[in-house]
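# Summary of the model geometry
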Amino acid sequence: MEDTNIQWHLGIRPALDLELLDERENLSYFRDYSLNRQALEIDLLIIKKQGSQQVANEIGRLFRKYNIIEYKSPLGQLDIDTFYKVGAYASLYKAYAHTVNGRKANEITVSIIRKAKPVKLFRSFEEQGTSVDTPYNGIYYIMDEVLFPTQIIVTRELVSEEHIWLTALSDGIQKQQLKALLKKKESFDTKFDRELADAVLEVAIKANWQAAQELRGDDSMCQALMELMEPEINKIMETVKEETRQQVTEQVTQQVTQQGIKNAITALKASGHTNDAIKTFLMMAYGITQNEADGYL
């Protein structure tokens, strides 16, 4: 399916919530956080209630009190200008506190999440002498020449078994990974966690429709999968019905028009009109071309 039809950003909040499940009591999530009254929004803002307490999960190990999250879809651009734009969003967030220095710079971090490693961006870092550290698989720290500690999370390089929810936001996952996601969802005890899992799974299924179709043959997974796929299947069925209805309408309209032309020709001939006069009438009354009018005569 086309990347533009998949609402990737709907999956990032639930995916991170599940990734950082053990820290839930200490984290607050604000999706599409507005920086001001204009159309400037952060994809996700995560606030630690206890700012000094370190997050155990490596995804959030860099976190401080205020954490700006930018998510890039698999086809989303991440170059040096995009990198600094996200840093600018963080600067605006700091500047728009209710009081002067109400949000301290040393309490803010930036995280950018993307499926593939942004090679050109890292080349730009190398060219300008910006150091990049890799404390964990798929996680890159940029601490120098930036206003706020920044990490780039490359989901393709994460250990999928340890980060199944973030790695699920991809257009290249396999049937077994979808199966693992469904099983993990069923293991959750609370309705809230299962709803978060459903939100991630809906994105993953839309992006990996073929893998989901293959999984439909697995009896153990079929019911859970069909529940998730039902809205998308219904949407497809409605589209097919609408297309069929339009085709039938067009066919009926065409048949009615053709019969009307034939009836008009019969009546005009009976009144003694010449073929030229009849052709002129048909072209004016029905908007057909001269060749089409010749065809009827």
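To keep things clear, this report deals only with the structure shown in the data block. Quick caveat: nothing in here was measured; it's all calculated off a predicted structure. (Residues numbered from 1 in each chain as written. Predicted model: local features only at pLDDT ≥ 70, side-chain atom pairs only at ≥ 80, totals over all residues. Heavy atoms only, no water.)

Our next topic: the overall build of the protein chain. The number of helices and strands found in the protein chain is 10 helices and seven strands. In the protein chain, which comprises 297 residues, the proportion classed as buried is 43%. Contacts spanning at least 24 positions in sequence make up 58% of the contacts within the protein chain whose residues lie at least 6 apart. Surface accessibility of the protein chain: about 16,400 Å² in total, with carbon and sulfur atoms responsible for 48%. (Helix = DSSP H or I, 4+ residues; strand = E, 2+ residues; numbered from the N terminus. Buried < 20%, exposed > 50% of the residue type's maximum accessible area, 1.4 Å probe, protein only. Contact = heavy atoms within 4.5 Å. Areas by Shrake-Rupley, 256 points an atom, 1.4 Å probe, with all protein chains shown as cover.)

This part is about unusual backbone geometry. Non-glycine residue Asn-101 carries a positive phi angle of around 60 degrees. With respect to the helices, strands and loops of the structure, Asn-101 is situated in the loop between helix H2 (80-95) and strand S4 (108-114). Assessed through its relative accessible area of 42%, Asn-101 is described here as partly exposed. At Glu-145, a residue that is not glycine, the phi angle is positive and equals roughly 60 degrees.

Next up on the list: the environment of Ser-91. Assignment of secondary structure puts Ser-91 in helix H2. Setting aside chain neighbours within four positions, we find Ser-91 in contact with Leu-147 and Phe-148.

On to the nonpolar core. The biggest cluster of nonpolar side chains holds 44 residues, and the ones touching the most others in it are Leu-16, Trp-165, Leu-166 and Leu-178. At eight residues, helix H6 (residues 191-207) tops the list of elements feeding residues into this core. Residues Leu-45, Ile-68, Ala-90 and Tyr-93 belong to the second largest nonpolar core, which totals 24 residues. (Core = buried A, V, L, I, M, F, W, Y, C linked by side-chain atoms within 4.5 Å.)

In this section: H2. Because each turn of an α-helix spans 3.6 residues, side chains separated by three or four positions in sequence point in the same direction. Its 16 residues give H2 an end-to-end C-alpha distance of 23 Å, which sits within 8% of 22 Å, the value for a rise of 1.5 Å per residue. The complete set of buried residues in H2 reads Ile-80, Thr-82, Phe-83, Val-86, Tyr-89, Ala-90 and Tyr-93. A side-chain oxygen of the first residue of H2 lies 3.2 Å from the backbone nitrogen of Asp-81; this N-cap is Asp-79. (Expected span 1.5 Å × (residues − 1). Polar contact = N/O pair within 3.5 Å; in protein donor to acceptor, adjacent residues only side chain to side chain.)

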